[in-house]
Amino acid sequence: ITPIKRSSVWVASPYHNLLAPLLEIMKQENERISNLEELLTHYKQKLRQRIRYSVYDQNRQQMERSKWYTHPLVSAFVDDCLERGADLDHGGARYAFIESPFVGMSNLVDSLLAVDALVYQEKRLTLKEFSSILDKNYEGYESLRQYILNKLPKYGNDQPKADKLFGHITEWIVDEMTHYRTWHGSRFIPGMFCWIMHVEIGKSTGATPDGRLSGVPLGDGSGPAQGRETKGPTASILSSTSWSHERFIGGIAVNLKFSKRLFNNESLEKLLQLVRTFMERGGFELQINVLDREKLLEARKHPEQYRDLVVRIGGYSDYFINLSEAMQEEVLLRTEHEL
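Residues numbered from 1 in each chain as written. Predicted model: local features only at pLDDT ≥ 70, side-chain atom pairs only at ≥ 80, totals over all residues. Heavy atoms only, no water.

Draft legend 1. Main features of the overall build of the chain. Helix and strand content of the chain: 13 helices and eight strands. Against the 2.2 N^0.38 benchmark of 20 Å for 339 residues, the chain shows a C-alpha radius of gyration of 21 Å, consistent with a compact globule. Dimensions along the principal axes, computed over C-alpha positions, put the chain at roughly 65 × 55 × 40 Å. Per-residue burial for the chain yields a buried fraction of 52% across its 339 residues. A fraction of 71% describes how many contacts in the chain between residues 6 or more apart in sequence connect residues 24 or more apart. (Helix = DSSP H or I, 4+ residues; strand = E, 2+ residues; numbered from the N terminus. Rg over C-alpha atoms; globule rule 2.2 N^0.38 Å. Buried < 20%, exposed > 50% of the residue type's maximum accessible area, 1.4 Å probe, protein only. Contact = heavy atoms within 4.5 Å.)

Take a look at the structure:
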């Protein structure tokens, strides 16, 4: 949220890869961690370190901009620059918070649940052994990966354990961000939209405990990871609104994709009910694509025939043929619901 004519809000600075701290912990000698609660404690310490470093880096940049940059014309039209006698980059705007998106929350929750099941409950693996399997990108362990993907709990299916863990981590992030201030004295605000960064970050992230392979995009926004909501759109909506969106004013995007083949007037009314339910339960932003997979595949083969095909991504819309091949694949991976 960037109030019109009153803000110099710095958006998407920086993106936090939520899987990185967990993978780092698993690579280290952490056999003394004996349960999920202790693992979460270690995880929060790692994520806190990354947040603090990013705060330092963002404040350094803000300090440098206040010394070397000015926007006099724009500043003349933004409240309260004239009243304060200060440029946008000198702290003149009424709202000047920094928005930091956290990417891969659904993957993180699914990964923590997988570690809890395989390491602490079933005791099939140690953290170090699990990390070694991830380093191999599950090569030789496909049966284990399928077990993780198909048998263990996944966020997005109205499962209390997954939803509660998601809410616990988001609440901790919101509280943690209240401890920091920008160079000009404003706040750091968390968000959970990703634009295209779930694809870019995914490229540099190795295999993860949730069954995701190396290089595959992370979950888009704050909804379930691609293809994992198996109980239908209602369960997906209930999970996505089981935690508070209120303080994530940096932005939250929940994506839903529906099959165009089975869409009719009755389906439209059901869709409106889903949207109303999402909003009444405190949802921030719901993004809906009504497409058919065949048309998307055809557009990849013959882009010149589909120049007007628009899809919703992660906080914005774009022409499908203009997307990178990886981003097109991510859209195709999303669960296609029916109404």
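Draft legend 2. Inspection of the layout of surface pockets at higher detail. Within this model, the largest pocket holds a volume of roughly 420 Å³. Forming the boundary of the largest pocket are 21 residues, of which L149, A225, Q226, G227 and R228 lie nearest the centre. The element that contributes the greatest number of residues to the lining of the largest pocket is helix α7 (residues 142–151), accounting for four residues. Grouping the amino acids of the lining of the largest pocket by side-chain chemistry returns eight nonpolar, eight polar and five charged. (1 Å grid on protein atoms, 1.4 Å probe; cavity = no way out; pocket = protein on both sides within 12 Å on 5 of 7 lines; lining within 4 Å. Points joined across faces, edges and corners; volume = space filled by probe spheres on them. Nonpolar A, V, L, I, M, F, W, Y, C, P; charged D, E, K, R; others polar.)

Draft legend 3. Up close: the pattern of salt bridges. Across all of its chains, the model carries 19 salt bridges by this definition. For the salt bridge of D57 with R60, the shortest nitrogen-to-oxygen distance reads 2.6 Å. Of this pair, D57 and R60 both sit in helix α2 (residues 36–68), separated by three residues, roughly a single helical turn. R60 serves as the salt-bridge partner of E64, at 3.2 Å between the closest nitrogen and oxygen. Highlighted residues: E64 and R60, both in helix α2, separated by four residues, approximately one helical turn. (Salt bridge = Lys/Arg side-chain N within 4 Å of Asp/Glu carboxyl O.)

Draft legend 4. Here's a closer look at helix α8 (residues 160–177). Between its terminal C-alpha atoms α8 stretches 26 Å, which fits the 26 Å expected from 18 residues at 1.5 Å a residue. Buried within α8 we find A162, D163, L165, F166, G167, I169, T170, W172, I173, V174, E176 and M177. (Expected span 1.5 Å × (residues − 1).)

Draft legend 5. Looking closely at the confidence of the model for the chain. Per-residue pLDDT for the chain has a mean of 89; in total, 96% of the residues score no lower than 70. Mean pLDDT in the chain bottoms out at strand β8 (residues 336–337), which sits at 58, and peaks at helix α5 (residues 105–121), which reaches 97. (pLDDT = per-residue confidence, 0-100.)

Draft legend 6. Seen up close, the nonpolar core. Among the nonpolar cores identified, the biggest contains 59 residues, and L39, L112, F130, I169 and I173 are the most heavily contacted of them. Top element by residues in this core is α5. It accounts for eleven residues. Discounting residues that sit within four places of it in the chain, I169 has contacts with L40, M105, L108, V109 and L112. If you look at the next biggest cluster of nonpolar residues, it comprises 13 residues, including A299, I313, L323 and L332. (Core = buried A, V, L, I, M, F, W, Y, C linked by side-chain atoms within 4.5 Å.)

Draft legend 7. Summary view of helix α6 (residues 127–135). When we look at burial in α6, the residues that qualify are L127, F130, S131, I133 and L134. The buried residues of α6 all sit within an arc of 160 degrees when viewed along its axis, so they share a single face. Looking at the packing, one finds that the buried side of α6 touches α1 (19–27), α5 and α7. Once α6 ends, the next one or two residues include N137, with phi positive near 60 degrees. (Arc of directions from axis to C-beta.)

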